[in-house]
Amino acid sequence: MKILVLHAHPVESSFGSALHNEAVETLRRAGHEVDDCDLYAENFNPVLTREERLGYHTVPANIEPVRSYVERLRTADALVIVTPVWNFGWPAILKGYFDRVWLPGVTFDMDEGDRGKLTRKLKSIKKLVVVTTYGGNRWRAFLAGDPPRKMATRVLRAVINPTRGVTYLAHYDMNNCTVETRTKFLEKVRAEMLRL
């Protein structure tokens, strides 16, 4: 299976980067073809420009500024997102990736004659896994509405395939984590990557 791994952490020595490395290495050992898209390492520009917004619905010209990222997404059979949660949201670079790459004609078509009805286009993606860390505990995330979890389990699921589940692996309370909690979570991530 061809798996696109999206990683969004700027610090190579972080636990988030350790999770990214574990996911990529385990997937490769399991025989998968991995497209490792480290957004920071690739200097991905998350800013949707004025011109891009004006041409957002102009298919296929809208993909030109991000063509290589669109092609990588289109060829993926599965998507693994490895990212921290900051301020109860994903890093700006990852949000910008979705703003700039998940475009009309790429992830959906819009039928203007049928009151904006959307048709899904990412039918090749069979599995979505999110591996993430939160500074706060689960209760704080719940009180804040846990937007990252909803983004994955509702929005991305609806765009990819609403009938398929999303695997959401979260290590909460990184502010109070221990070697033991980090090791246990790494093992959980490894096990999930082997199940893909």
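Residues numbered from 1 in each chain as written. Predicted model: local features only at pLDDT ≥ 70, side-chain atom pairs only at ≥ 80, totals over all residues. Heavy atoms only, no water.

Some points on the overall build of the protein
Each helix and strand in the protein was counted, giving seven helices and seven strands. Helices and strands appear in the protein in the N-to-C order β-α-β-α-α-β-α-β-β-β-α-α-β-α. In summary, the protein has a C-alpha radius of gyration of 17 Å against a globular reference of 16 Å for 196 residues, a match within 12%. With the C-alpha coordinates aligned to their principal axes, the bounding extent of the protein is approximately 55 × 40 × 35 Å. Here the protein holds 196 residues, and the buried ones make up 47% of them. In the protein, once contacts between residues fewer than 6 apart in sequence are set aside, the share between residues at least 24 apart is 75%. Carbon and sulfur atoms provide 52% of the accessible area of the protein, an area that totals close to 10100 Å². (Helix = DSSP H or I, 4+ residues; strand = E, 2+ residues; numbered from the N terminus. Rg over C-alpha atoms; globule rule 2.2 N^0.38 Å. Buried < 20%, exposed > 50% of the residue type's maximum accessible area, 1.4 Å probe, protein only. Contact = heavy atoms within 4.5 Å. Areas by Shrake-Rupley, 256 points an atom, 1.4 Å probe, with all protein chains shown as cover.)

Some points on the nonpolar core
Membership of the largest hydrophobic core comes to 39 residues, with the highest contact counts inside it found for Leu-39, Leu-73, Leu-79, Ile-81, Tyr-97, Val-101 and Trp-102. Of all the elements in the fold, those that place two or more residues in this core are strand 1 (2-7), helix 3 (67-74), strand 3 (78-85), helix 4 (92-101), strand 6 (127-134), helix 6 (147-160) and strand 7 (167-171). Counting residues per element, this core draws most heavily on helix 4, at five residues. Beyond its immediate sequence surroundings of up to four residues, Leu-39 is in contact with His-7, Ala-8, Phe-44, Tyr-69, Ile-93, Leu-94 and Tyr-97. Core analysis: the next-biggest nonpolar cluster, separate from the first, contains 20 residues, Leu-27, Leu-169, Phe-185 and Leu-196 among them. (Core = buried A, V, L, I, M, F, W, Y, C linked by side-chain atoms within 4.5 Å.)

As for the pairing of strand 1
In terms of residue burial, strand 1 counts as a mostly covered element, since five of its six residues are buried. Bridge count between strand 1 and strand 2 (residues 33-38): six bridges; the pairing is parallel. Considered in strand 2, the bridge of Val-5 is made with Asp-36. (Pairing = 2+ DSSP bridges.)

Details of the environment of Arg-72
By the element assignment, Arg-72 lies in helix 3. On a C-alpha basis, the gap between Arg-72 and Ala-92 in space is 20 Å, while along the polypeptide they are 20 residues apart. With sequence-adjacent residues up to four places away left out, Arg-72 is seen in contact with Leu-4, Asp-35, Asp-36, Cys-37 and Glu-42.

Thoughts on helix 1 (residues 15-29)
Relative to the 21 Å expected for 15 residues at 1.5 Å per residue, helix 1 spans 21 Å between its end C-alpha atoms, a close match to the ideal helical length. Among the residues making up helix 1, those that are buried are Phe-15, Gly-16, Ser-17, Leu-19, His-20, Glu-22, Ala-23, Val-24, Thr-26 and Leu-27. Following helix 1 by one or two positions, Gly-31 adopts a phi angle in the positive range, close to 95 degrees. (Expected span 1.5 Å × (residues − 1).)

Thoughts on the sheet that holds strand 3
Read across the sheet, five strands follow the order 2-1-3-6-7 without closing on themselves; strand pairing throughout is parallel. At either end of the open sheet lies a strand with only one pairing partner, and these are strand 2 and strand 7. Ignoring which end each strand starts from, the neighbouring axes of this sheet average 15 degrees apart. Taken together, the five bridges between strand 6 and strand 7 define a ladder with parallel strand orientation. (Axes fitted to C-alpha atoms, helices over the stretch in contact; angles between N-to-C directions.)

Looking at the side chain of Ser-17
On the secondary structure map, Ser-17 appears in helix 1. Leave out the neighbours within four places in its chain, and Ser-17 touches His-7, His-9, Val-11 and Glu-12.

What to know about the side chain of Thr-133
Position of Thr-133 among the secondary structure elements: in strand 6. Each residue touching Thr-133, except ones within four places of it in the same chain, is listed here: Phe-15, Leu-19, Thr-83, Pro-84, Val-85, His-171 and Met-174.

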